[in-house]
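What follows is each chain in one-letter form.
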Amino acid sequence: KDSVKEHMGDRYWPEVDLTKEELERKTGITEDMYVDFLAEKQVLDSHIDTMIIIHAKEAHVGEIEQALEHYRTGVIEENKNYPQNLCKAEASRMETINNYVCFVQLGADTTIVADQGKDEIIAFCQEENERALYVLEKKILD
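In this report, we go over the structure that sits alongside the text. (Residues numbered from 1 in each chain as written. Predicted model: local features only at pLDDT ≥ 70, side-chain atom pairs only at ≥ 80, totals over all residues. Heavy atoms only, no water.)

1. So, the overall build of the protein chain
The helix and strand tally for the protein chain stands at six helices and five strands. In the protein chain, the order of α-helices and β-strands from amino to carboxyl end is α-β-α-β-β-α-α-β-β-α-α. Expected size for 142 residues packed as a compact globule is a radius of gyration near 14 Å; at 14 Å, the protein chain falls within 12% of this value. The principal-axis extent of the C-alpha atoms belonging to the protein chain is close to 45 × 30 × 25 Å. Taken across its 142 residues, the protein chain has 44% of its residues classed as buried. (Helix = DSSP H or I, 4+ residues; strand = E, 2+ residues; numbered from the N terminus. Rg over C-alpha atoms; globule rule 2.2 N^0.38 Å. Buried < 20%, exposed > 50% of the residue type's maximum accessible area, 1.4 Å probe, protein only.)

2. What about the pattern of salt bridges?
If you walk through the whole model with that rule in mind, you get 11 salt bridges. Salt-bridge contacts for Glu-95 lead to Arg-93; the nearest nitrogen and oxygen are separated by 3.0 Å. Linking Arg-131 and Glu-128 is a salt bridge whose minimum nitrogen-to-oxygen distance equals 3.1 Å. Of this pair, Arg-131 and Glu-128 both sit in helix α6 (residues 118–141), separated by three residues, roughly a single helical turn. Of the residues examined, Glu-128 reaches a relative accessible area of 3% and is grouped as buried. (Salt bridge = Lys/Arg side-chain N within 4 Å of Asp/Glu carboxyl O.)

3. Some thoughts on the packing of helix α3 (residues 61–78) against helix α4 (residues 83–91)
Running from N to C, α3 and α4 point in directions that differ by 160°, and their axes come no closer than 8 Å. Here α3 lies roughly antiparallel to α4, going by the angle between them. For the crossing formed where α3 meets α4, the hand is left-handed. In contact with Arg-72, Val-75 and Ile-76 of α3, α4 contributes Leu-86, Ala-89 and Glu-90. (Axes fitted to C-alpha atoms, helices over the stretch in contact; angles between N-to-C directions. Parallel < 35°, antiparallel > 145°, perpendicular 65-115°, else oblique. Left-handed = near helix turned anticlockwise from the far one by under 90°. Contact = heavy atoms within 4.5 Å.)

4. Re the side chain of Gln-105
On the secondary structure map, Gln-105 appears in strand β5 (residues 100–105). Judged by its relative accessible area of 1%, Gln-105 falls in the buried class. A distance of 2.8 Å separates a polar atom in the side chain of Gln-105 from the backbone oxygen of Ile-48. Leaving out residues up to four positions away in the same chain, Gln-105 has contacts with Ile-48, Asp-49, Thr-50, Val-75, Lys-88, Ala-89, Ser-92 and Asn-129. (Polar contact = N/O pair within 3.5 Å; in protein donor to acceptor, adjacent residues only side chain to side chain.)

5. Some points on the pairing of strand β4 (residues 93–97)
Examined bridge by bridge, β4 and β5 share five bridges and lie antiparallel to one another. When the sheet's bridge partners are listed, Arg-93 is paired in β5 with Val-104. If you look at the hairpin formed by β4 and β5, you'll find two residues sitting between the two strands, and Asn-98 has a positive phi there, around 55°. (Pairing = 2+ DSSP bridges.)

6. So, a negative patch on the surface
A cluster of acidic side chains, namely Glu-21, Glu-24, Asp-32 and Glu-63, defines a negative patch on the protein surface. Looking at the secondary structure, you find Glu-21 in helix α2 (residues 20–27). (Patch = residues over 30% accessible without salt bridge, like charges linked within 9 Å, V, L, I, M, F, W, Y side chains within 5 Å. Areas by Shrake-Rupley, 256 points an atom, 1.4 Å probe, with all protein chains shown as cover. Lys, Arg positive; Asp, Glu negative; His and termini not counted. Charge placed at Lys NZ, Arg CZ, Asp CG, Glu CD.)

Read these as layout, nothing more, since geometry by itself doesn't imply function.
Right, dumping it as C-alpha cells:
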C-alpha cells in the first residue's frame, strides 16, 4: 500500500481501512479464505476509490476472484446514476499475482477529463489503475 501511495501521490484517495467484517459484508470473502488482506476505501460512501489486496489461501484464489468480480458488478449497478463513479467502477481492474488477488478502483479527481466524455474518463481511470497494479506486481514478485 505504501508503495502505491508513494507512486500515485495525491492521486491516491482511499484513506480508511476496512475491517475483516466489512470486507466480508461487501464482498462475501470470509476470513478462512485468506492469509491476510488490505482493503482501503474513501471515508464517504459517495466516493468509491478503493484498493483491495487479498493474500488468498491457494485453495480459495478462484473463489476470491469470483467474489471480487461480483463485488465489482454490484458497484457498477449501484452507480448507474452517478456518471463520475460509474466510470471509475467500469474502469476498475482485478489482477491475480501468485496468490494475491488485487482489486483497484482508482481515478482520484476526474474533473480534468470530465468535459471530454465518458470514454476519456474511463481511459483516465484505467491508466490510474494500471499504475497501481504495476507497483503491486513489482512488490509482490520481488
